[in-house]
Number of protein chains: 4
Amino acid sequence: MTIKVEESNQTRSWACPEIVVAGLGQKLLFASREHKSAGTAVDIGGVKVGLLEVVVMAGPCSVESAGQILRIAQEVKQAGATILRGGAFKPRTSPYDFQGLGRVGLEYLRAASSETGLRVVTEVVDPRDVELVCEYADCLQIGSRNMQNYSLLREVGRSSRPVLLKRGMSASYREFLLAAEYIMAEGNDQVALCERGIISLSKELRFTLDLNAVPYLKAMTHLPVIVDPSHGTGSAPLVAAMSRAAIACGADGLILETHYSPEDSISDAAQTISTGEFARLMKVLAAVADAVGRKISLTLSP
Amino acid sequence: MTIKVEESNQTRSWACPEIVVAGLGQKLLFASREHKSAGTAVDIGGVKVGLLEVVVMAGPCSVESAGQILRIAQEVKQAGATILRGGAFKPRTSPYDFQGLGRVGLEYLRAASSETGLRVVTEVVDPRDVELVCEYADCLQIGSRNMQNYSLLREVGRSSRPVLLKRGMSASYREFLLAAEYIMAEGNDQVALCERGIISLSKELRFTLDLNAVPYLKAMTHLPVIVDPSHGTGSAPLVAAMSRAAIACGADGLILETHYSPEDSISDAAQTISTGEFARLMKVLAAVADAVGRKISLTLSP
Amino acid sequence: MTIKVEESNQTRSWACPEIVVAGLGQKLLFASREHKSAGTAVDIGGVKVGLLEVVVMAGPCSVESAGQILRIAQEVKQAGATILRGGAFKPRTSPYDFQGLGRVGLEYLRAASSETGLRVVTEVVDPRDVELVCEYADCLQIGSRNMQNYSLLREVGRSSRPVLLKRGMSASYREFLLAAEYIMAEGNDQVALCERGIISLSKELRFTLDLNAVPYLKAMTHLPVIVDPSHGTGSAPLVAAMSRAAIACGADGLILETHYSPEDSISDAAQTISTGEFARLMKVLAAVADAVGRKISLTLSP
Amino acid sequence: MTIKVEESNQTRSWACPEIVVAGLGQKLLFASREHKSAGTAVDIGGVKVGLLEVVVMAGPCSVESAGQILRIAQEVKQAGATILRGGAFKPRTSPYDFQGLGRVGLEYLRAASSETGLRVVTEVVDPRDVELVCEYADCLQIGSRNMQNYSLLREVGRSSRPVLLKRGMSASYREFLLAAEYIMAEGNDQVALCERGIISLSKELRFTLDLNAVPYLKAMTHLPVIVDPSHGTGSAPLVAAMSRAAIACGADGLILETHYSPEDSISDAAQTISTGEFARLMKVLAAVADAVGRKISLTLSP
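Right, let's walk through the structure included here.

## Remarks on the overall build of chain A
Regarding its fold elements, chain A presents nine helices and 14 strands. Expected size for 302 residues packed as a compact globule is a radius of gyration near 19 Å; at 18 Å, chain A falls within 12% of this value. Seen through its C-alpha atoms, chain A measures out along the principal axes to roughly 55 × 45 × 45 Å. Per-residue burial for chain A yields a buried fraction of 67% across its 302 residues. In the form shown here, chain A has an accessible surface area of approximately 9,500 Å², with 48% of it arising from carbon and sulfur atoms. Across chain A, the 31 positively charged side chains and the 33 negatively charged ones have centroids separated by 3 Å.

See below:
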């Protein structure tokens, strides 16, 4: 397969050995640039991801209460976010950790959305919950641990909602694209890919945000690519710098863990930035987007 | 937490920093050696895993036909296997690869079991299929890609069958033990852990079988530890050597991809050994087991 | 140790567990921000690295001939580079690969420098060659494979030249900083750190450029941080995007493999960009630098 | 390249894609099985490594005093070791850690050797020290951090002593074999390879001992393969189990950090076993060796 990368109106092609290696063999049908050369815009309740405008999603790790999610929604909207994130079903490493509010959390998310106009993205972890989550969310998130949960991928592939697919913590680009292919093979072509950090040798950070994925995936697929610097680094102090870098290398959007009081978050406190920091960051991101010929999407149509 | 390792009648204790690190925090309740110091014997249809006898599971990657699975069952039983493996539901990286025969595959497995007396272990990939697979299998396998599929772990935790839990391809020991804890927290204490190779820097092999896991896990938990050198290396020519090593370092069992004609396997041909090689290997394994004070379980009670 | 990160005039502190973990124990003396809070400007023949201006180093992988290095020097200078890179001593994985021109290569570099005014950075691989390389180079490069070659680190620590220290391919940030400490402990405080990609799970790229290193290291040390997107990705088509990202996240400089005819390079052809691409890239980089409050250094004092 | 593995009198061949991949290209001349199908016996002062007898090397991490090294030499010889290990030149991650006794350490090693008859293996870290270390040692060790220090490899390749080459912490098998090729290309064909653990995802252990390397390398090269379970795991409680496994999968020797009082070691205390444990282990190893058709070398000719 020959890959074309567009940079500053120049096109350069390169051979991609991995995807055609004999013995691995699998081909991409729907997800590849060969299948569809123009970029796909994923429509999340009217907010388009994959066009000139860089889309910013923000919100807490977990939905904790009606008041918490509403206040965060108001503050991130004020700063320019257009999509609200927040977990109602939480996949946690230990069975004894907070597992999310479930259906009640979904209701709180929907209420915050109605109040602010922000669209909602939230995770689904069980194929039996897909229908339920579709009632409340504008976009279904598949988390990192479920990137190769094929029953779940097929189920969201049969749903009517766009999907934010997070890269597995140790998945190759090829495996990531084949996970998208599982969803698309069921008829759902509204898939946004999300780089969220990989396990690596770097022992000092919880994960290593792999920004190389952005230009690589943009060359291989027509699907939009989002970056999650919060999970990607596990460290709030690195989020601003890595958000700037993500936009500079071509990301179509960001998803950022944000809370008015990060240290009070039930989960992921160490990687959550404050809504105040988020507002300051948005101004710098607008300048970086401008430098690379993009814009930050700041306004919502009703 | 202080860990005790028994070696040749000597006991040595060591501190295990990771599991008690503040911030990670999660504790093991049911899976830890502190909870239960004596080893647990997992009962797979009467075959006990975790006692003096090392248990050998063998069979093809996928169930392909009634004749294929029966012939393999007869040949591996003849060589000393007591448990038959074979996939009816196959999690595959690409949606366009063979996904298994499903319920029909389960029926073929059960028929081969009835004919030979071998017990059956087979994978379940969807929480909605757990009840179905329990009807046909003596032991439920959770595959590597589903080690953190918590909906599935909880569902098998509520079932009446023992579980063979495979380590995720990039899971730490702690994450592996916490996945077992998910199953046990639902009331099912019949869990056997299976080391099956991790993703590593070694580019030449598909996976790196991590035998360090065997003595480490045996020190941390009372659950039995099985080794899968077939997936663990991805290379049939390494299977014999790594099987010997697994028993030498304390594994309670092996699970080996075996076929009368490996090159004709629909899946995993490169890592499948022939039933002839399997029979020769079993003789060497008996000698190695003897050298470390174990025995190979060779006979089945009816 | 508490780390302070400055972002948009805001200062945030965070705990860095790794560097103070008992048992690992080693402390940084000279390289830490605690030792010296103000950033160090490394002086490469009058070109300062670590100030407001982002410094760009460019040139071929290997010096191949007097004409090749001079032509490249002229073209990259024209586009705005201030430092010329090029290998005379090449550490190669195979003993049968081109090992560099040695002393003659150094002479060609010096001649190109005299002609153009560009400063010269080149690698030294043997402690017995340090004196020789100092005669020809403005800055000594320690390559990735030698990051823990302590005899060599000590020798360049005793020299009178600044050092560009590349991160080992699997080195943690702590090991990287301790390698700088080896040089500084000998009395040489002119050390620039260079992130050049790590070995990772990503099988599709030769290396994974780890931009997280930039804000992390800038928080931990006062030394400037350079990024090498050429080795860092191993893929010319990714170099432009990752160069933009490096500057966006705070790098003090870039080092780029550049050749008038990349496909004719004796070594590293796959990761070398053309001098034409380099010139186009420099214009975009100036805009990105501006967006984050930096400038690209484009002019040389004589 | 087609690789042949011998297992229980059966020969099986397999394709090894990596070594012949176009673009990587490097060929092995001297180190490959194709060049020389019979195994090479490396002669360390009369002790042959690579024959039927498995050779055991033991001793402290660092030589600390004349009395310490002599007492350890006597105790490990008593238990059946034939080669004494101990560091006089120590490559340490921090410049402020104990760097070894240097020449004095070499003298203490030689004295302990004269007293006991044990042969001596010790590390050389600087090409300028090779001649010195050759005066005192029967075998030169190249440490993990120097596996790609090509100046040093060439220098030991020109020496008259056999070389114990340790695998780099993140080196592929191919890079490891090419490092051996560097030594052999200078005329020294007496090279023993040593697997000593790789950096991996397993966060709980300092390194992951990769025993897959043993059968893989034995198939690729005629050189003997030694295993170092002390550095390979970083954990004394795992050393016995991994030593048994190493012999079971075909290792030609072991190198074990051993001290009469491990907790008093200046370096590597956590991975050092006591001379008492060593003696008990040797008895079990003899049984394992016997099970796989080998013997433990226990006696020294004068």
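Now that the structure is up, let's keep going.
## Focus: the interface of chain A and chain B
Each partner contributes residues to the interface: chain A has 33 residues there, and chain B has 33 residues. Taken over both partners, the interface formed by chain A and chain B buries close to 2,800 Å², and the fraction arising from carbon and sulfur atoms is 53%. If you sort the residues of chain A by the area they bury against chain B, T93, Y96 and R128 of chain A come out on top, with a joint share of 22%. Between the two partners, chain A and chain B, sit 23 residue pairs in polar contact (both at pLDDT 80 or more).

## Some remarks on the packing of aromatic side chains
What characterises a pair of aromatic rings is the spacing of the ring centres plus the angle enclosed by the ring planes. With the rule as written, the count across this model stands at eight aromatic pairs over all chains. Arranged with centres 4.2 Å apart and planes meeting at 20 degrees, the rings of Y150 of chain D and Y182 of chain D form a pair that is stacked. Here Y150 of chain D is found in helix α4 (residues 150–157), whereas its partner Y182 of chain D is found in helix α5 (residues 173–184), with 32 residues between them in sequence. Across the pair, Y182 of chain D and Y150 of chain D agree in class, each one buried. Just above the ring of F207 of chain B sits the side chain of R196 of chain B; from NZ or CZ to the centre is 4.4 Å. Stacked on the ring of Y260 of chain C, the Lys or Arg R71 of chain C has its end atom at 3.8 Å from the ring centre.

## Here we look at the environment of L298 of chain C
All names here are of chain C. As for its position among the elements, L298 is in the segment after β14 (295–296). Classification of L298 as partly exposed rests on a relative accessible area of 47%. Linking L298 and L70, residues 228 residues apart in sequence, is a C-alpha distance of 19 Å. Excluding its chain neighbours within four sequence positions, the residues that come into contact with L298 are A79, G80, T82 and M282.

## Looking at the relation of the copies chain A and chain C
Of the two same-sequence chains, chain A is brought onto chain C (RMSD 0.0 Å, axial shift 0.0 Å) by a rotation of 180 degrees. Here the two chains are linked by the operation of a two-fold rotation axis. Of every C-alpha in chain A, the one belonging to A245 of chain A sits nearest the axis of rotation, 2.0 Å from it. A shared interface surface links the copies, since 100% of the contact residues of chain A are contact residues in chain C too.

## Observations regarding the side chain of S172 of chain C
With respect to the secondary-structure elements, S172 of chain C resides in the loop between β9 (163–166) and α6 (173–185). Given a relative accessible area of 6%, S172 of chain C falls into the buried group. If near-sequence neighbours (up to four positions away) are discounted, S172 of chain C is found in contact with E204 of chain A together with R167 of chain C.

How each quantity is defined
- Residues numbered from 1 in each chain as written.
- Chains lettered and ligands numbered in written order.
- Predicted model: local features only at pLDDT ≥ 70, side-chain atom pairs only at ≥ 80, totals over all residues.
- Heavy atoms only, no water.
- Helix = DSSP H or I, 4+ residues; strand = E, 2+ residues; numbered from the N terminus.
- Rg over C-alpha atoms; globule rule 2.2 N^0.38 Å.
- Buried < 20%, exposed > 50% of the residue type's maximum accessible area, 1.4 Å probe, protein only.
- Areas by Shrake-Rupley, 256 points an atom, 1.4 Å probe, with all protein chains shown as cover.
- Lys, Arg positive; Asp, Glu negative; His and termini not counted.
- Charge placed at Lys NZ, Arg CZ, Asp CG, Glu CD.
- Contact = heavy atoms within 4.5 Å.
- Buried area = accessible area lost by both parts, 1.4 Å probe.
- Polar contact = N/O pair within 3.5 Å; in protein donor to acceptor, adjacent residues only side chain to side chain.
- Phe/Tyr/Trp six-rings, centres within 6.5 Å; stacked < 30°, edge-to-face > 60°.
- Lys NZ or Arg CZ within 6 Å of the ring centre and 35° of its normal.
- Least-squares fit on C-alpha atoms with pLDDT ≥ 70 in both.

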